[in-house]
Amino acid sequence: MKKKISVRLGKKVYNLVTDEDLEIVNQTIEKIEKDFKRYEEFIDEVGIDNILFVMLANTVLENVKMSERIKNLKKKLSQILREGDRKP
């Protein structure tokens, strides 16, 4: 079931529509709000669009790094399993 979620960042309110589990949505919103607080003091200086872009870039970077870690772990696990097959 789709839910409408409102998030206030600075002076703006952003509305989201999602069908994700409420617990996941709450964790996501909490992370966004926490990250936003790190940059909020710079709104007047650089504008909210630049702050949101930095937050987006940081999130994408985290995802890329996590994907690489997962790929490396899969490779290591596959190697360990292959080596285990070779043992008598």
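No experiment lies behind these values; they were computed from the predicted model shown. (Residues numbered from 1 in each chain as written. Predicted model: local features only at pLDDT ≥ 70, side-chain atom pairs only at ≥ 80, totals over all residues. Heavy atoms only, no water.)

Details of the nonpolar core
Next up, step 1: By size, the foremost hydrophobic cluster in this structure holds 10 residues: Ile 5, Val 7, Leu 9, Val 25, Ile 29, Phe 36, Tyr 39, Ile 48, Ile 51 and Met 55.
Next up, step 2: Secondary-structure elements contributing two or more residues to this core are strand E1 (3-9), helix H1 (22-39) and helix H3 (48-86).
Next up, step 3: When residues no more than four places from it in sequence are discounted, the contact partners of Leu 9 are Tyr 14, Ile 32, Glu 33, Phe 36, Ile 48 and Leu 52. (Core = buried A, V, L, I, M, F, W, Y, C linked by side-chain atoms within 4.5 Å. Buried < 20%, exposed > 50% of the residue type's maximum accessible area, 1.4 Å probe, protein only. Helix = DSSP H or I, 4+ residues; strand = E, 2+ residues; numbered from the N terminus. Contact = heavy atoms within 4.5 Å.)

Thoughts on the pairing of E1
Next up, step 1: Sheet topology note: the E1/strand E2 (residues 12-18) ladder contains 7 bridges and is antiparallel. Bridge pairing in E2 places Arg 8 opposite Val 13.
Next up, step 2: Between the antiparallel neighbours E1 and E2 lie 2 residues, among them Gly 10 with a positive phi of about 65 degrees. (Pairing = 2+ DSSP bridges.)

A word on H1
Next up, step 1: For H1, spanning 18 residues, the distance from its first C-alpha to its last is 26 Å, which sits close to the expected 26 Å at 1.5 Å a residue.
Next up, step 2: All of the buried residues in H1 are Val 25, Ile 29, Asp 35, Phe 36 and Tyr 39. Seen from one end, H1 has its buried residues packed into an arc of 130 degrees, which puts them on one side. Counted as exposed and oriented over 90 degrees from the buried face of H1: Glu 23, Glu 30, Lys 34, Lys 37 and Arg 38. (Expected span 1.5 Å × (residues − 1). Arc of directions from axis to C-beta.)

A short note on the UniProt feature "coiled-coil region" (unreviewed entry) in the chain
Next up, step 1: What UniProt calls "coiled-coil region" (unreviewed entry) maps, in this numbering, to residues 56-83.
Next up, step 2: End C-alpha atoms of residues 56-83 are separated by 41 Å, and the span's content is 100% helix alongside 0% strand. (UniProt positions renumbered as here; feature names shortened; annotations may be inferred.)

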